[in-house]
Amino acid sequence: MLTRKQLDLLNYINKHLNKDGIPPSFDEMKEALDLRSKSGIHRLITALEERGFIRRLAHRARAIEIVKLPDSLETNNKVTKISRVSTINKT
């Protein structure tokens, strides 16, 4: 079971991936959920990862993969399954 904020964040990440092809930055997620700090986003991302909805690649910016979506998001967004990894390398 996800909290409302976790569900909102997962939905935002999914929509951003579908629209732009890359996951959103922490600042973009913070603004989308109207949070005051990036630490709140970090806690939500960690909770989604622990529950098996997303996977992160260590030491990479924007490296978020959606592993599964809850039934409510799959029905609302008409998505069967998303599995995409996008990374941006800093040089």
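Residues numbered from 1 in each chain as written. Predicted model: local features only at pLDDT ≥ 70, side-chain atom pairs only at ≥ 80, totals over all residues. Heavy atoms only, no water.

Considering the overall build of the protein chain
Thinking step 1. Each helix and strand counted, the protein chain has four helices and two strands in total.
Thinking step 2. Starting at the N terminus and ending at the C terminus, the protein chain contains elements arranged as α-α-α-β-β-α.
Thinking step 3. Taken over 91 residues, the protein chain has a buried fraction of 38%.
Thinking step 4. Counting only contacts in the protein chain whose residues sit at least 6 apart along the sequence, the fraction spanning at least 24 positions is 50%.
Thinking step 5. Counting only carbon and sulfur atoms, one obtains 48% of the accessible surface of the protein chain, whose full area is about 5,900 Å². (Helix = DSSP H or I, 4+ residues; strand = E, 2+ residues; numbered from the N terminus. Buried < 20%, exposed > 50% of the residue type's maximum accessible area, 1.4 Å probe, protein only. Contact = heavy atoms within 4.5 Å. Areas by Shrake-Rupley, 256 points an atom, 1.4 Å probe, with all protein chains shown as cover.)

Let's talk about the nonpolar core
Thinking step 1. Counting 17 residues, the largest nonpolar core has Leu9, Leu10, Ile13, Met29, Ile45, Leu48 and Ile54 as its most contacted members.
Thinking step 2. Of all the secondary structure elements, the ones that give two or more residues to this core are helix 1 (4–20), helix 3 (38–50) and strand 2 (64–66).
Thinking step 3. For this core, the leading source of residues is helix 1, giving five residues. (Core = buried A, V, L, I, M, F, W, Y, C linked by side-chain atoms within 4.5 Å.)

Brief notes about the packing of aromatic side chains
Thinking step 1. This structure, assessed with the given rule, holds zero aromatic pairs.
Thinking step 2. Above the ring of Phe53, the side-chain terminus of Lys68 is found at 4.8 Å from the ring centroid. (Phe/Tyr/Trp six-rings, centres within 6.5 Å; stacked < 30°, edge-to-face > 60°. Lys NZ or Arg CZ within 6 Å of the ring centre and 35° of its normal.)

Describing helix 3
Thinking step 1. When the terminal C-alpha atoms of helix 3 are compared, their 18 Å separation across 13 residues agrees well with the 18 Å that a helix rising 1.5 Å per residue should span.
Thinking step 2. Considering only its buried residues, helix 3 is in contact with helix 1, helix 2 (26–32), strand 1 (54–56) and strand 2.
Thinking step 3. Phi turns positive, to about 85 degrees, at Gly52, one or two residues after helix 3. (Expected span 1.5 Å × (residues − 1).)

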